[in-house]
Amino acid sequence: MTDEPESADAPTNDGQRFDRLPETAEERRVPGRATRAEVLEWWDDRFGVPPSAFDEHSFWEKGAGKIWAYSGEAPSPIEIEGLGLAFLRTRQEHWKPTTNAVQRFGGEASINVIQLEGETATRFLAGEDQEIDWDGDWGYLIVTHEYAGEPEPIGVGLYLYGELRSVVPKGRQESLEPL
Amino acid sequence: MNPLERYEPLVDDPAAFRAACDRPLPSVVRVNTIKATVERARQGLDSEGVEYDPADWHEGLFRLDGHSPGRNWAYVHGWLHGQEEVSVLPGVALAPEPGERVLDLCAAPGSKTSQLAAAMDDRGTLVANDNNLGRLSALRHNCERLGVTNVAVTNQDGRNFSVKPFGFETFDRVLVDVPCSCEGTCRKNPDVLEEWSLDHVESIAGIQKGLLRRAVQLTAPGGRVVYSTCTFAPEENEAVVDHVLELEPCRVEPVDLPLVTAEGVTEWKGETYDERVRDTHRVYPHHNDTGGFYCATLEVTG
């Protein structure tokens, strides 16, 4: 995602504060920082979540590649403890959405969504990796199950080599009865 | 001495008051309308076979008898949040609207913050502050689980809270849910009565006065401040409001709340308070079968 040459006087990412993402690559000043256009494109390309899903939100980086979605007002930069929802990891080969982002925005996804049923869903929530057939892309998937009559996102799975790995964070794992 | 004895002269039915304080509270959950409607949450719980009784005074509050609030799919999906029933009251009194600027001055661990965010439909600016950095992680965790995106989290002493990081001057509404002696939570945690001391009440009242004064100063004229505690002590309730009515440009706003409440007291231990504090709300456990609480709504006059 970095196309500018690194120079000695280029601004760097400051992990102590929130900086609003530039709209486009032309406006990028901090090397390696994702742009709003790239974030919107990524959600659209990877999951089919339309850019309009984020019309109310601005995007911010704090920490290396940790992107936050915020729907309120704030100047940039701003040094505070939290700004909206931590929702995407960039600055790595494969961008990764957070569990919380997928639960909040993943309901609008139309591709790379895998629906689990019954015990498979409960095992995923408990953090178990499972062998599952999947004809689609490998990589990060949005994992759903049918709840109250509709597909509802549970979290993020990583599909590789015939296996769906659960990347539900430890603090969000739970052992429940299958529906 | 059981500190509850000191409040018996204030209550209408001391025996019922004491009996209610001795009973445990049911688990209560609030539906998070950022992620689900009340109807969807009901469908979800029904599909899981989780039994619940809706609270009659507030749509979207369910009492789960003998059931852990966190052990079901509805909770996993962030459709529900475990929150003591009566602690929903200050958010109802504050009544924030989408698009407003709202401050929650003592926000951790975030039950009320996330309730305010839902009332705002997750739109506007909701600043959630707490002076305790350790408790901020619980606040952030709760807000993120519930899908809140309009919250900005700060770590300041609320008595000197500065809006400088945000570049605007005032808020439309401020919630001041202060640290207190917590007597009203005795149905959940009887230890609070063992650990109670008058020294603590008196020292914390000073902090509460500083917090409420700052809240009024941070609110635009015409804006609303809600002050709340989970204690019965007039030193921490009416006395604090009385103090701030005298020093800051504000008045008590008489609001109707959907629970049975008693009016604020104007005399206590030889002190008298501004008559206007009668229009604040005392919540006693025997009136609605909840915890104990106090809630005052102020309008800032400019």
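Predicted model only: the values in this text are computed from it and were never measured.

Criteria and cut-off values
- Residues numbered from 1 in each chain as written.
- Chains lettered and ligands numbered in written order.
- Predicted model: local features only at pLDDT ≥ 70, side-chain atom pairs only at ≥ 80, totals over all residues.
- Heavy atoms only, no water.
- Domains from an automatic or database assignment.
- Contact = heavy atoms within 4.5 Å.
- Buried area = accessible area lost by both parts, 1.4 Å probe.
- Salt bridge = Lys/Arg side-chain N within 4 Å of Asp/Glu carboxyl O.
- Polar contact = N/O pair within 3.5 Å; in protein donor to acceptor, adjacent residues only side chain to side chain.
- Helix = DSSP H or I, 4+ residues; strand = E, 2+ residues; numbered from the N terminus.
- Nonpolar A, V, L, I, M, F, W, Y, C, P; charged D, E, K, R; others polar.
- Pairing = 2+ DSSP bridges.
- Axes fitted to C-alpha atoms, helices over the stretch in contact; angles between N-to-C directions.
- Buried < 20%, exposed > 50% of the residue type's maximum accessible area, 1.4 Å probe, protein only.
- UniProt positions renumbered as here; feature names shortened; annotations may be inferred.
- 1 Å grid on protein atoms, 1.4 Å probe; cavity = no way out; pocket = protein on both sides within 12 Å on 5 of 7 lines; lining within 4 Å.
- Core = buried A, V, L, I, M, F, W, Y, C linked by side-chain atoms within 4.5 Å.

### Quick look at the domain arrangement of chain A
Accessible area lost during the coming together of the parts is what is often quoted as the interface size.
All names here are of chain A.
Item 1. Domain parsing of chain A yields domain 1 (19–106) and domain 2 (112–172).
Item 2. Residue-level contacts link 12 residues of domain 1 with 15 residues of domain 2.
Item 3. Taken together, both faces of the contact between domain 1 and domain 2 bury some 1200 Å²; the carbon and sulfur share is 57%.
Item 4. The largest per-residue losses of area from domain 1 upon contact with domain 2 belong to Arg46, Phe47 and Thr99, which jointly make up 46% of the total buried on that side.
Item 5. For the interface between domain 1 and domain 2, the tally reads 1 salt bridge.
Item 6. Two residues, Asp137 and Arg46, come together in a salt bridge whose shortest N-O distance is 3.9 Å.
Item 7. Across the contact surface, domain 1 and domain 2 share 6 residue pairs in polar contact (both at pLDDT 80 or more).
Item 8. Of all the secondary-structure elements, those providing two or more residues to the side of domain 1 that touches domain 2 are α1 (36–47), β6 (96–97) and α2 (99–105).
Item 9. A per-element tally of the side of domain 1 that touches domain 2 places α2 first, with 4 residues.
Item 10. For the side of domain 1 that touches domain 2, the residue count by class is 4 nonpolar, 6 polar and 2 charged.

### Remarks on the sheet that holds strand β1 (residues 27–31) of chain B
All names here are of chain B.
Item 1. The strand order across the open sheet formed by 4 strands is β2-β3-β1-β4, and the pairing between neighbours is antiparallel. On the outer flanks of this sheet lie β2 (53–54) and β4 (80–82), each paired with one strand and no other.
Item 2. Alignment of β2 against strand β3 (residues 61–64), held across 2 bridges, turns out to be antiparallel. Bridging from a neighbouring strand, Asp53 pairs with Arg63 of β3.
Item 3. In this fold helix α2 (residues 38–48) packs onto β1, β2, β3 and β4, with an angle of close to 20 degrees to the strand it touches most, β3.

### Structural notes on the environment of Val168 of chain A
Residue and element names in this part refer to chain A.
Item 1. Position of Val168 relative to the elements: it lies in the segment after β11 (163–166).
Item 2. Among the residues examined, Val168 registers a relative accessible area of 4% and is labelled buried.
Item 3. C-alpha of Val168 to C-alpha of Gly127: the two residues are 41 residues apart in sequence and 6.0 Å apart in space.
Item 4. Apart from the residues lying within four places of it in its own chain, the contact partners of Val168 are Thr99, Phe124, Leu125, Val156 and Gln173.

### Thoughts on the UniProt feature "binding site: S-adenosyl-L-methionine" (unreviewed entry) in chain B
Residue and element names in this part refer to chain B.
Item 1. The UniProt entry lists Cys106, Ala107, Ala108, Pro109, Gly110, Ser111, Lys112, Asp130, Asp157 and Asp177 under the feature "binding site: S-adenosyl-L-methionine" (unreviewed entry), expressed in the numbering used here. As for the largest pocket, its lining draws on Cys106, Ala107, Ala108, Pro109, Gly110, Ser111, Lys112, Asp130, Asp157 and Asp177 from among the annotated residues.
Item 2. Each residue touching Pro109, except ones within four places of it in the same chain, is listed here: Arg135, Ala138, Leu139 and Asn142.
Item 3. The topology assignment puts Ser111 in helix α5 (residues 111–119).

### Here's the deal with the nonpolar core
In globular proteins that are soluble, nonpolar side chains generally tend to be buried together.
Item 1. With 56 residues, the main nonpolar core has Val176, Leu212 and Val241 of chain B as its most contacted residues.
Item 2. Setting aside residues no more than four positions away along its own chain, Leu212 of chain B makes contact with Val176, Val225, Tyr227, Val240, Val241, Val244 and Leu298 of chain B.

### Structural notes on the pairing of strand β10 (residues 150–160) of chain A
All names here are of chain A.
Item 1. Summarising burial for β10: 8 of the 11 residues are buried, a large majority.
Item 2. Taken together, the 9 bridges between strand β9 (residues 139–147) and β10 define a ladder with antiparallel strand orientation. Within β10, the residue paired with Ile142 across the bridge is Val156.
Item 3. A loop of 2 residues connects β9 with β10, the two strands running antiparallel in sequence, and Ala148 in this loop sits at a positive phi of about 50 degrees.
Item 4. The pairing of β10 with β11 spans 4 bridges and is classified as antiparallel. In the sheet register, Tyr159 faces β11, and the bridge partner there is Leu164.
Item 5. Hairpin remark: β10 followed by β11, antiparallel, with 2 residues in the connecting loop; positive phi at Tyr161, about 50 degrees.

### Describing unusual backbone geometry
Item 1. The peptide bond linking Ser76 of chain A to Pro77 of chain A adopts the cis configuration, its omega dihedral lying at -5 degrees.
Item 2. Mapped onto the elements, Pro77 of chain A comes out in the loop between β3 (66–70) and β4 (82–83).
Item 3. One non-glycine residue, Tyr161 of chain A, lies in positive phi territory at about 50 degrees.
Item 4. Judged by relative accessible area, which is 67%, Tyr161 of chain A ranks as exposed.
Item 5. Non-glycine residue Asp122 of chain B carries a positive phi angle of around 60 degrees.
Item 6. Assignment of secondary structure puts Asp122 of chain B in the loop between α5 and β6 (125–129).
Item 7. A relative accessible area of 4% means that Asp122 of chain B is categorised as buried.

### Remarks on the sheet that holds strand β5 (residues 85–89) of chain A
Residue and element names in this part refer to chain A.
Item 1. The strand order β1-β2-β3-β5-β6 describes an open sheet built from 5 strands, whose pairing is antiparallel. Edge positions in the sheet fall to β1 (19–20) and β6, since each of these pairs with one other strand and no more.
Item 2. When β1 meets strand β2 (residues 58–61), the two strands line up antiparallel, connected through 2 bridges. Across the sheet, Asp19 pairs through a bridge with Glu61, a residue of β2.

### Focus: the interface of chain A and chain B
Item 1. Listed by partner, the interface residues are 38 residues for chain A and 40 residues for chain B.
Item 2. Regarding the contact of chain A and chain B, the summed buried area is about 3100 Å², with carbon and sulfur atoms giving 54% of it.
Item 3. Summed over the three residues of chain A that lose the most area to chain B, namely Glu73, Glu81 and Tyr147 of chain A, the buried surface amounts to 21% of that side.
Item 4. If you look at where chain A meets chain B, you find 3 salt bridges.
Item 5. With a closest N to O distance of 2.7 Å, Arg71 of chain B and Glu174 of chain A form a salt bridge.
Item 6. Put simply, chain A and chain B have 26 residue pairs in polar contact (both at pLDDT 80 or more) between them.
Item 7. If you list the elements that add at least two residues to the side of chain A that touches chain B, you get β3, β4, β5, α2, α3 (118–125), β9 and β10 of chain A.
Item 8. Classifying every residue of the side of chain A that touches chain B by side-chain character gives 18 nonpolar, 10 polar and 10 charged.

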